[in-house]
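# Breakdown of the fold
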Amino acid sequence: MSTGYRKVHLDFHTSPHIPDVGRDFDAEAFAEELKDSFVESVTVFAKCHHGYSYYPTRTGMQHPSLHQDMLGEMIEACHARGIRVPVYTTVVWDELAAENNAWRQVDRDGKLVGRTPLGSADNRDAAGWKWLCMNSPYVDYLEAHTKEFVREYDLDGVFFDIVHQTRPGCVCPYCIEQMEKLGLDPEDTEDLLRHSLETERKTMQRLEEAVHRMKPKLPIFFNGRVRLDLDPEGGLRPELSWMTHVDIESLPGGLWGHHHFPLYAAFYKTLGVPFTGMTGRFHKMWGDFGSLKNQAALEYECFLMLAHGAGCAIGDQLHPRGTLDQETYRLIASVYEQVAEKEEWCRDTRPVDEIGVLMSQVSEGVANEPSSFSDEGAMRMLTELQRPFCFMDEASDFSRVSLIIAPDHVPFSDHLTEKMKTFLEQGGKLLLSYRSGLNEAEERKVPAGLHDEGELPFSPDYVNLSEAFGGLPDTAQVFYERGRRVRVPSDAEVQAYVQRPYFNRTRTTYMSHFHAPVDSVSEDPAVVREGAVMYLAHPVFESYRRHGSLAYKQLAARCLDELLPEPLLETNLPSTAQITIQDQPDKRRRVIHVLHYIHQRRAEGLDVLEDVIPLYNVTFSHRVKEAPREVYAASSGTELSFTYEDGRLAFQLPEIRGHEMAVVQF
């Protein structure tokens, strides 16, 4: 159960120094504006980061300048128009409650975590709020507050925000006392990390039980928990029993960037849980008043959510006086009207993927950490190559893909090793690079006999990729990141060797402006194949994220072509286009999403998307099990001529303007 498909997430973090909160609020006008903007769900506020409630409360404190039940009026007016209303409350950030320093989180250096917001408009990092400990009596107040608004209002869900302890852990008196009871050592980093995760999960369970004892079917989501982790126990999987759905908060202009949502969606789409992408109407970050996102950018972000099988949420912040900004909702209406038209082909979908990428990162329980460069590099490559993919952890169903990539830094536990062997025995293919596949003993069991012997002696070094794959430039390509030296089994094929420079650049050995050129070919393998497994000695995926060399993407692409000579999809799209494939089993149709939006670095630390650049006469060759009844473009309903021969469907889209869906109806 989710809380709607076209959502608005409405912040209302309002300073006590604002003297006229709600002065211009008109519930009927508020709800009518949302209805006219094609919004079917709006998340509104019970309590904000400043610690104030926006309804008559007996457990906390109503905002000092608010003189009405804003929450109740919003719910009633929205429900009268068929708009669902989940309710937001904050967990760890509550400035009023944090006036009691005994409830504050304390880091391992003995300092209170967080601070009062200070300074310029750019100073909006997470440390700008005081952090409350979820082992302190504050949680008793939080539970009472939650029970109050859940009991008193006919709400459509609860959105708990900021559910996290500091890392590695809090050492406030309450945490020290509990760790001692559990036999954990506050001086031990691993014990602190374990206790932080247990604290977060204990709080989520407590709040979920409090809500569902009163209203058993009410949707619940805990924000601050969405993360990627190779270890299923360290990721979100164990916490899904306390949630009904997942929202992926991802404002491209803020902390996240444009590559965050597709990376996270590539994993969360595999879990079988309803999920939503959450962007913002702001040019930059939450609370960026006076800014509006470019329309093309908001279209792209919402249509990308649809392409991954997600619902859409757009973040906004209500003006303290209680009025919605008309230009903001003109923008939202223009996008959500299009979303509404596309939904027929986007609901109740199941992703279709050819390649699985094992996540290399471990989250330590922290949400929204910077992605592993190896994971992001793999994501960027596969997106640019238009190879349908998903991300996986150790618990994922490997049988749903034909090939698995383990990019650069994926450790193989005994369980993962055995699971991978089974996958290969059943016809799967594997592409490994750099340190991936090594276990705790620094041994690699897949493929058996590929022995790791430490770092290569030179960096940068070179590889002539034409040795391995015909058609690539016959020249030594530089590999900027240091690779691994491996010894290969006798039955393996070395397809290319590492080439040495004259010397590493040092204080005394140097040449020209950068690094020394090639001297000679070494005996160290660079590209190895053993049956269904290929190995690359360099951290190719991390290197692509760091350096963007086309040679690295060409190397990965040719490995994929060699392991999967009959790809799921072939197209003449440029590398700037993105595709996903979704099935709608109940309607017996397959939907191929194509997006073409180009964002550019036009400001410091900020990618801007302004224009839609159309594409014409795009060809597709798609492997499907049966001949379709028809193929058509969803935007216009135009039927497309097609051929079906030897299991491959061929057709052409005459135009793609931003986002198009090619519908294959069986």
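Now for a description of the structure that goes with this document. All figures in this text were calculated on a predicted structure; none of them were measured in a lab.

### Focus on the pairing of strand β1 (residues 6-11)
Most of β1 is tucked away: six of the six residues are buried. Burial along β1 is two-sided: Arg-6, Val-8 and Leu-10 facing one way and Lys-7, His-9 and Asp-11 facing the other are all buried. In this structure, β1 lies alongside strand β2 (residues 41-45), joined through three bridges in parallel fashion. Paired with Lys-7 across the bridge in β2 is Ser-41. Chirality of the crossover, the property in question, places the unit of β1, helix α1 (residues 27-36) and β2 among those that are right-handed.

### Observations concerning the sheet that holds strand β30 (residues 659-665)
The antiparallel open sheet is built from five strands, whose spatial order is β9-β22-β23-β30-β27. In this open sheet, the two strands that pair with only one neighbour each are β9 (350-351) and β27 (630-633). Inspection of the sheet shows β27 paired to β30 by four bridges, in the antiparallel sense. In the strand pairing of β30, Ala-633 is matched with Ala-662. Along the sheet face, helix α7 (residues 295-307) touches β22 (578-584), β23 (589-595) and β30 and points at about 150 degrees away from the line of β23.

### Quick look at the pattern of salt bridges
A complete count under the given rule lists 53 salt bridges for this structure. Between Asp-316 and Arg-281 there is a salt bridge, with the nearest N and O atoms lying 2.8 Å from each other. Separated by 35 residues along the polypeptide, Asp-316 in strand β8 (residues 311-317) and Arg-281 in the loop between β7 (275-280) and α7 bring together distant segments of the chain. An identical accessibility class is assigned to Asp-316 and Arg-281; each is buried. Measuring nitrogen to oxygen at the nearest pair gives 3.6 Å for the salt bridge that ties Lys-445 to Glu-443. Classification of Lys-445 as partly exposed rests on a relative accessible area of 42%. For Glu-443, a relative accessible area of 38% corresponds to the partly exposed category. What you see here is one network of salt bridges that share partners, running through Arg-167, Glu-200, Arg-201, Arg-225, Arg-227 and Glu-239.

### Digging into the sheet that holds strand β5 (residues 220-222)
One open sheet accounts for eight strands, arranged β5-β4-β3-β2-β1-β8-β7-β6; its pairing is parallel. Edge strands, defined here as strands with exactly one partner in the open sheet, are β5 and β6 (246-249). Between one strand axis and the next, the sheet turns through 25 degrees on average, direction left out of account. Direction of pairing for β1 relative to β8: parallel, over a ladder of six bridges. Bridging across to β8, Val-8 finds its partner in Ile-314. Against the sheet, helix α2 (residues 70-79) makes contact with β2 and β3 (87-90), and its axis sits at roughly 170 degrees relative to β2, the strand it touches most.

### Remarks on the packing of aromatic side chains
How two aromatic rings sit relative to each other is set out by the distance from centre to centre and by the angle between their planes. The tally for this structure, following the rule as stated, stands at 19 aromatic pairs. Taking the centre distance of 4.9 Å and the plane angle of 70 degrees together, the rings of Phe-12 and Tyr-54 count as edge-to-face. Residue Phe-12 is located in the loop between β1 and α1, and its partner Tyr-54 is located in the loop between β2 and α2; the two are separated by 42 residues in the primary sequence. Of the two residues, Phe-12 and Tyr-54, both sit in the buried class. Aromatic rings pair up to connect Phe-12, Phe-45 and Tyr-54 into one cluster. Its guanidinium or amino end placed over the ring of Phe-303, Lys-342 lies 4.5 Å from that ring's centre, counting from NZ or CZ. Sitting over the ring of Phe-398, Lys-419 keeps its end group 4.5 Å from the ring centre.

Conventions adopted
Residues numbered from 1 in each chain as written. Predicted model: local features only at pLDDT ≥ 70, side-chain atom pairs only at ≥ 80, totals over all residues. Heavy atoms only, no water. Buried < 20%, exposed > 50% of the residue type's maximum accessible area, 1.4 Å probe, protein only. Helix = DSSP H or I, 4+ residues; strand = E, 2+ residues; numbered from the N terminus. Pairing = 2+ DSSP bridges. Right-handed = clockwise from strand over helix to strand, strands pointing away. Contact = heavy atoms within 4.5 Å. Axes fitted to C-alpha atoms, helices over the stretch in contact; angles between N-to-C directions. Salt bridge = Lys/Arg side-chain N within 4 Å of Asp/Glu carboxyl O. Phe/Tyr/Trp six-rings, centres within 6.5 Å; stacked < 30°, edge-to-face > 60°. Lys NZ or Arg CZ within 6 Å of the ring centre and 35° of its normal.

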